[in-house]
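Summary of the model geometry
These are the residues of each chain, in order.
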Amino acid sequence: MSTIDTEKKETVNIVSDDQSDVTSLNTENVITPTVRDAVAIDVEKAPQYEVKNHKKLEMITSKIVTPSIAVLLTLFLAIIVILYGVFYLGCLWDPISKLKNVPVAILNQDNGFDFTGYPIEVQQKLLGFTNNQTLGELISGSFFNENSPFHSTLKWESIESNVNANDLNDRVGLGDYWAAIIIPSNFSNAFLSNLENKTSHHINPNAFNMTIQFTYDQARQFTVVSIITRAVQTIMDNVSYTFGSKLVSQAEKSPNGHLDLIVVPEFLLKPIWLIHNNIHPVNHYGHNFSTYVGAIVLWLGGMIVTTLLFKIYQSRFIYLHPQIHQPRFKIRYLISSAFMVIFFSFVSSVIFFGTLSVLNGSNTPFIVGNSTSMDYILFGWLFTLTSSLFCCIFANLMGVDNYSMIPSIFLIMQLATSNAILDPIVMDKLTYVSDAFPLTYAVKGFRCLTFGTQCHKMGSYVGVLFIWVGVTGVLNLFLAYRQITKRVIDAKVAEAL
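This structure is a prediction, so every number in the text was calculated from the model and none was measured. (Residues numbered from 1 in each chain as written. Predicted model: local features only at pLDDT ≥ 70, side-chain atom pairs only at ≥ 80, totals over all residues. Heavy atoms only, no water.)

Section: the overall build of the protein chain
Looking only at helices and strands, the protein chain has 16 helices and nine strands in total. Taken across its 497 residues, the protein chain has 43% of its residues classed as buried. Contacts spanning at least 24 positions in sequence make up 77% of the contacts within the protein chain whose residues lie at least 6 apart. Accessible area of the protein chain: about 27,100 Å², with a carbon and sulfur share of 61%. (Helix = DSSP H or I, 4+ residues; strand = E, 2+ residues; numbered from the N terminus. Buried < 20%, exposed > 50% of the residue type's maximum accessible area, 1.4 Å probe, protein only. Contact = heavy atoms within 4.5 Å. Areas by Shrake-Rupley, 256 points an atom, 1.4 Å probe, with all protein chains shown as cover.)

As structure tokens, this is what we get:
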């Protein structure tokens, strides 16, 4: 029986196993010239050849789907589920109980009572009521009293009275404390101004409220600060109620059921007021999520950039470029690929910034302080570039069709630990691994640009992202060079055949 002629066009009849189906085919349409030059198949052995291939495929399939591999896949799935459970449930579990780790400063600047112009009995009764303390000392001491119900609610730290209130507010802005409670110098005198005599006339006509300043940085971490704010507000309401109840109780112990000098009734309803001082407010609810969701969107943008590079540009560049065999082709390929990653990462950042601008509107800019639109775009570009290069590593190793699982898993691991949902200070210690994750610094950087919070650390945020870009960039150059070398060799072999 004759073999397939590589020089001529001839028609052969391929007979199936049951010898009942005969199909006429043109060999030039079935077998390419390259294969026709390299392989000769006996027409009589075609059915046997098909059977052998079928058995070989069954053998390969049986080797792939083995019990051991099934067990490994099950273990891999279990590990992924456990990791998600640990990072989500473990990290976000009961943050209220961990508020005792949150430092809150207490500054008492109360100068005490000034009894000038007040009767002597006022001085005696009030000093007896406060045990010769100022009201500021009485209130601040309740935070550090071990028998107090809110003693261990937060990590209270006493500040020297000579510290300036503005300096303490600055330290809150710098992140040394999560909040500060400041009792002003006129706190005790504010109480005196609300006394009245038997004829119901104020002793001091310029009465004013007893106020305590509460300073915090809402934009630092919206959820944690909201929890702290609610806790402090509840504590101060409790302190105010307790203080008012003691005044009423003292009046009941006096002759005739009241003090000779009593407090204005309206004052007893709420003697102490908490004045909020929000350094960097989050004015709109959606703005809180923009820094978090924005970083996630840009990470997904990096995955899209990787897919475009490998799926469209790289395949066409390598297989269709006429100068693939030239020595400089590899360098040209690496440079052009790097340019494409940089360019499309920048485009992704511009699109994201434009979307935010449209959603926010032109009347209420969402960028504060000395930051500019270009600062926002460049920082977004840096993070998108980090994501793109990270994804390219696995695209080079696993192929563009299989790479996305690893970057997706890594993204999900970062979601709960990136300082976006909660801060690590109210989470398990496991979350401190997020200090090495790029999403953490992207979220913090966007908060600085959007709200102006913690901007003194912006240099470190940018520095960490540059480290990620540098390390992943060098690794990608190595992997891409190895890939292009292999494909050039494959192209030469194909031409030789």
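Next comes the rest of the description.
Examining the layout of surface pockets
There is about 340 Å³ of room inside the largest pocket. Split into classes, the residues belonging to the lining of the largest pocket amount to five nonpolar, six polar and six charged. (1 Å grid on protein atoms, 1.4 Å probe; cavity = no way out; pocket = protein on both sides within 12 Å on 5 of 7 lines; lining within 4 Å. Points joined across faces, edges and corners; volume = space filled by probe spheres on them. Nonpolar A, V, L, I, M, F, W, Y, C, P; charged D, E, K, R; others polar.)

Section: the pairing of strand E3 (residues 103-108)
With respect to burial, E3 is a largely interior element, six of its six residues being buried. On E3, burial covers both faces: Pro103, Ala105 and Leu107 on one face and Val104, Ile106 and Asn108 on the other are all buried. Summarising the sheet, E3 and strand E4 (residues 155-159) pair through five bridges and their orientation is parallel. Its bridge partner being in E4, valine 104 is matched across the sheet by tryptophan 156. Strand direction decides the pairing type here: E3 and strand E5 (residues 179-183), joined by five bridges, are parallel. Across the sheet, residue asparagine 108 finds its bridge partner in E5, namely isoleucine 183. (Pairing = 2+ DSSP bridges.)

Some details on the state of the cysteines
Going through the model one piece at a time under the given rule, you end up with one disulfide. Between the sulfur of cysteine 448 and that of cysteine 455 lies a disulfide, 2.2 Å long from S to S. One disulfide, between cysteine 448 and cysteine 455, carries an S-S torsion of 120° and so falls in the right-handed class. Exposure remark for cysteine 448: the relative accessible area of 3% places this residue in the buried category. For cysteine 455, a relative accessible area of 32% corresponds to the partly exposed category. (Disulfide = S-S within 2.5 Å.)

Brief notes about the pattern of salt bridges
Considering all chains together, one arrives at two salt bridges under this definition. Across the salt bridge formed by aspartate 176 and arginine 171, the nearest N and O atoms sit 3.5 Å from each other. Put simply, aspartate 401 and lysine 311 hold a salt bridge, and the shortest N to O gap is 2.4 Å. Here lysine 311 lies in helix H11 (residues 285-320) and aspartate 401 lies in the loop between helix H13 (373-398) and helix H14 (405-415), a separation of 90 residues in the sequence. For aspartate 401, a relative accessible area of 57% corresponds to the exposed category. (Salt bridge = Lys/Arg side-chain N within 4 Å of Asp/Glu carboxyl O.)

Considerations on helix H15 (residues 438-451)
Compared with an ideal rise of 1.5 Å per residue, which puts 14 residues at 20 Å, H15 spans 20 Å between its outermost C-alpha atoms and is within 8% of the ideal. Burial of H15 is extensive: 13 of the 14 residues sit out of reach of the surface. Where H15 terminates, the next one or two residues include glycine 452, which has phi positive at roughly 85°. (Expected span 1.5 Å × (residues − 1).)

Comments concerning the packing of aromatic side chains
Tallying each qualifying case throughout the model produces 20 aromatic pairs. The residue whose ring lies beneath lysine 270 is tryptophan 273, and the NZ or CZ to ring-centre distance is 4.4 Å. (Phe/Tyr/Trp six-rings, centres within 6.5 Å; stacked < 30°, edge-to-face > 60°. Lys NZ or Arg CZ within 6 Å of the ring centre and 35° of its normal.)

Notes on a nonpolar patch on the surface
A cluster of nonpolar side chains, Tyr285, Phe289, Val293 and Val297, forms an exposed patch at the surface whose accessible area comes to about 390 Å². Positionally, valine 297 belongs in helix H11. (Patch = residues over 30% accessible without salt bridge, like charges linked within 9 Å, V, L, I, M, F, W, Y side chains within 5 Å.)

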